[in-house]
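Report on the structure
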Amino acid sequence: ILGHYLSIGGPARIGLPTTSEKDGVRGSKVSTFTGGEIHWSPKTGVHAVLGDIHGAYKKHKGAPGNLGLPTSDEFRAGRGAVAQRFQNGLALWTPRNGARIVQGHILNEYGKLGWERGVLGLPVTDEHNARGARVSRFENGAIYWSPKTGVAAVYGDNYKQYARMGYERSVLGIPTSSEFSGAKGARVNRFQNGGLIIWSRKHGSHAIYGRIVQRYASLGWERGVMGLPRSSEFSAGHNVRVNQFEGGSIYWHPKTGGDAHAVYGRN
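Residues numbered from 1 in each chain as written. Predicted model: local features only at pLDDT ≥ 70, side-chain atom pairs only at ≥ 80, totals over all residues. Heavy atoms only, no water.

**A short note on unusual backbone geometry**
A positive phi angle, close to 55 degrees, is found at Arg131, a residue other than glycine. With respect to the element layout, Arg131 can be found in the loop between β9 (128-130) and β10 (133-138). (Helix = DSSP H or I, 4+ residues; strand = E, 2+ residues; numbered from the N terminus.)

**Examining the environment of Val30**
Along the chain, Val30 falls in strand β2 (residues 29-33). Under the relative-accessibility criterion, Val30 is labelled buried at 7%. Taking C-alpha positions, Val30 is 9.8 Å from His47, a pair spaced 17 residues apart along the chain. In this structure, Val30 is in contact with Ile1, Ser20, Glu21, Lys22, Asp23, Gly24, Glu37, Ile38 and His39, ignoring residues within four places of it in sequence. (Buried < 20%, exposed > 50% of the residue type's maximum accessible area, 1.4 Å probe, protein only. Contact = heavy atoms within 4.5 Å.)

**A few points about the pairing of strand β11 (residues 141-146)**
Most of β11 is tucked away, with five of its six residues classed as buried. Strand direction decides the pairing type here: β10 and β11, joined by five bridges, are antiparallel. Bridge pairing in β11 places Phe138 opposite Gly141. With six bridges joining them, β11 and strand β12 (residues 150-155) adopt antiparallel strand pairing. The residue of β12 that forms the bridge with Ser146 is Gly150. (Pairing = 2+ DSSP bridges.)

**Details of the packing of aromatic side chains**
Summed over the entire model, instances satisfying the criterion amount to 10 aromatic pairs. Ring plane angle 40 degrees and centroid distance 4.9 Å describe the contact between Tyr162 and Phe191, whose orientation is recorded as tilted. Of this pair, Tyr162 sits in helix α5 (residues 156-165) while Phe191 sits in the loop between β14 (187-190) and β15 (196-200); the two residues are 29 residues apart in sequence, bridging distant segments of the chain. Taken together, the ring pairs connect Tyr144, Tyr159, Tyr162, Tyr167 and Phe191 into an aromatic cluster. The aromatic ring of Tyr167 is capped on one face by Arg137, whose charged end is 4.4 Å from the ring centroid. Cation over ring: Arg190 sits above Trp221, and NZ or CZ is 4.7 Å from the ring centre. (Phe/Tyr/Trp six-rings, centres within 6.5 Å; stacked < 30°, edge-to-face > 60°. Lys NZ or Arg CZ within 6 Å of the ring centre and 35° of its normal.)

This is how it looks when you write it as structure tokens:
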């Protein structure tokens, strides 16, 4: 710990010691300083936690908390961020967003999507509760996780459509799939309440849900006679709800037996 203290700049970087070295969690040793901590264990080596990342680490209860011990010092990451790895998480700091922690199942999905250099960009919130799920929000999307629905990422134009509808508070609920490829070049997210958002280069992102999505499914989704959506569901007056598609439209009205009905082809 002394060697590391001196190698990172000593008092100029992390301040003066405020405790003697003491036993930490999981067989580790720790020394605290006015500007942070230095941890050592046989498994993780010696690493300093300082500055704003140290503040975020303390909010997560430090080494005894769910992040565990640091497994790296701070390092330069993509998009101007400073990052630090822990046994069970990743901290990313920028002047604009501060220090944010990504962890658990959400961290694994974030990695699959390319970390901060990927489609999501940098985190703008820590993980928090969202209607029975946990969510981390990023510059270009969000990742949700719950024991029931698993982990799912929504990003890009589909995320913008989801935001316009009210995120997880909307009729769609929590996402149950990350974005995947559909037919005809579509990009699709599925949601908890049976709905979906479909993006295509020609028509943009549109949401389909409720009775209308059930009828759309019975007609073969985007591969069927209806094709890709050209609109999200909207009101046509007199309690009529409509989605428009390449091949026609699907209508729903409370007085039509509760089902939605499609008009397509020569009709």
